[in-house]
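Topology and contacts: notes
Residues per chain are reported as follows:
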Amino acid sequence: METVLLILTLLFVAFVALGVYAGVKAVKAAKRGVDRTITQARRSVEDTTLRAKSLGQPGVVGELAQLRLSLRTSMRATQEALRAGAAEDASLSESLGLFERLSAHGRELDDELRRLEREPDRATVASLMPRLRERTERITHSAESLRWAARDRARQFADEDFDALNAQIDVEAGALRHWTVEQPQERPGGREADGPGGSGPHGSWPDSSDAAPAQSWAGPTEEEPPQQQSITAADPGARPTYPWQKSAKPEATN
């Protein structure tokens, strides 16, 4: 009895632990989803604000907003391209490592540009603009180099795969168009079998044994005279008898 209670207790504890673990995993997944949603919403709001500042505010503030918008757009596009390519091409893992190092410089520059937006000394900020533009261009250029290299690599693989596929299709199409023409069979006598009515390629005239003899082209021939039957004189004493005649009576002898 004690053994049964111990087993039931262990099973209950195991189910409780499993339920707690599943609950913690679900809470973490929900938290990640919420954080991702909040991050995307914040990013959309920041991009919209930067786009509005770059178009609506002239001077240093508008230029700072334009630099931040260009930097964020380039870095985000490169990140998405590399992550999508790394899922199919493992050789892009090194490129992802380089991009993470580049992202550290990009985030540092973005934070500096954000602080300068709130700087009241516009003259000092204006003096820093050439250096800030140069840093932004270098980072975006490096990000674009990685992005386009990954895209060119994917395009090259796609072209090679398409060329191989096209070659296979050409071979298959040639095999489908290839057929063997049946050669005419030979007769046991050595002559090739032809269609009905002849033994040559265009047929030949039937033999005399296969058809009725045709009339000669030499013209009509004279018919042989019928043989004359010999005429024998009839016996004068023999007269023909007829069925209606009575039989002759014998003559009385003397």
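None of the values given here were measured: they were computed from a predicted structure. (Residues numbered from 1 in each chain as written. Predicted model: local features only at pLDDT ≥ 70, side-chain atom pairs only at ≥ 80, totals over all residues. Heavy atoms only, no water.)

1. Side note on the packing of aromatic side chains
Selection rule: Only centres within 6.5 Å qualify two rings of Phe, Tyr or Trp (six-membered ring in Trp) as a pair; their planes then separate them into stacked at under 30 degrees, edge-to-face at over 60, and tilted for everything else. Two thresholds decide whether a charge sits over a ring: the Lys NZ or Arg CZ must be within 6 Å of the ring centre and within 35 degrees of the ring normal.
This model, assessed by the stated rule, comprises zero aromatic pairs. Geometry around Trp148 places Arg151 over its ring, the cationic atom sitting 4.9 Å from the centre.

2. Here's the deal with the side chain of Glu112
Where we set the bar: Each helix corresponds to a stretch of at least 4 residues labelled H or I by DSSP, and each strand to a stretch of at least 2 residues labelled E; elements are numbered beginning at the N terminus. Only protein chains enter the calculation, and the probe is 1.4 Å; a residue is then buried if its accessible area is under 20% of its type maximum, exposed if over 50%, and partly exposed in between. Residues are treated as being in contact if the distance between any of their heavy atoms lies within 4.5 Å.
Within the element layout of this structure, Glu112 appears in helix H3 (residues 93-117). Residue classification places Glu112 among the buried residues on the basis of a relative accessible area of 17%. Discounting chain neighbours no more than four positions away, the residues touching Glu112 are Arg131, Leu132 and Arg135.

3. Focus on the packing of helix H2 (residues 60-86) against helix H4 (residues 122-177)
As a reminder, the rule being used: Orientation is described by axes fitted as lines to C-alpha atoms, over the contacting stretch for helices, and by angles from 0 to 180 degrees between their N-to-C directions. Note on terminology: angles under 35 degrees are roughly parallel, angles over 145 are roughly antiparallel, angles of 65 to 115 are roughly perpendicular, and the others are oblique. Crossing handedness is read from the near helix: turned anticlockwise from the far helix by less than a right angle, it gives a left-handed crossing, and turned clockwise, a right-handed one. Ten residues, namely Ala, Val, Leu, Ile, Met, Phe, Trp, Tyr, Cys and Pro, are considered nonpolar, four, namely Asp, Glu, Lys and Arg, are considered charged, and the remaining ones, Gly among them, are considered polar.
As a packed pair, H2 and H4 sit with axes 9 Å apart at the nearest point and diverge in direction by 15°. Comparing their axes, H4 and H2 come out roughly parallel. Once H2 is placed against H4, the crossing between them reads as left-handed. The residue makeup of the contact of H2 with H4, split by class, is 17 nonpolar, five polar and six charged.

4. A short note on the side chain of Asp89
Test applied: Any pair of nitrogen or oxygen atoms within 3.5 Å is treated as a polar contact; in protein, a donor-acceptor pairing is required on top of that, and neighbouring residues in sequence qualify only through side-chain atoms on both sides.
Checked against the element boundaries, Asp89 lands in the loop between H2 and H3. Engagement of the side chain of Asp89 in a polar contact is seen with the side chain of Ser91, the distance being 2.7 Å. The residues contacting Asp89, other than those within four sequence positions of it, are Arg153 and Phe157.

5. A look at a nonpolar patch on the surface
Counted only if it meets this: Patch membership requires more than 30% relative accessible area and the absence of a salt bridge. Residues of like charge join within 9 Å; the nonpolar side chains Val, Leu, Ile, Met, Phe, Trp and Tyr join within 5 Å. Only the protein chains shown count as cover for residues, and the accessible areas themselves come from Shrake-Rupley with a 1.4 Å probe. A pairing counts as a salt bridge when a side-chain nitrogen of Lys or Arg comes within 4 Å of a carboxyl oxygen of Asp or Glu.
On the surface, a nonpolar cluster with roughly 840 Å² of combined accessible area is contributed by Val4, Leu5, Ile7, Leu8, Leu11, Phe15, Leu18 and Tyr21. For Leu8, the position within the fold is in helix H1 (residues 2-56).

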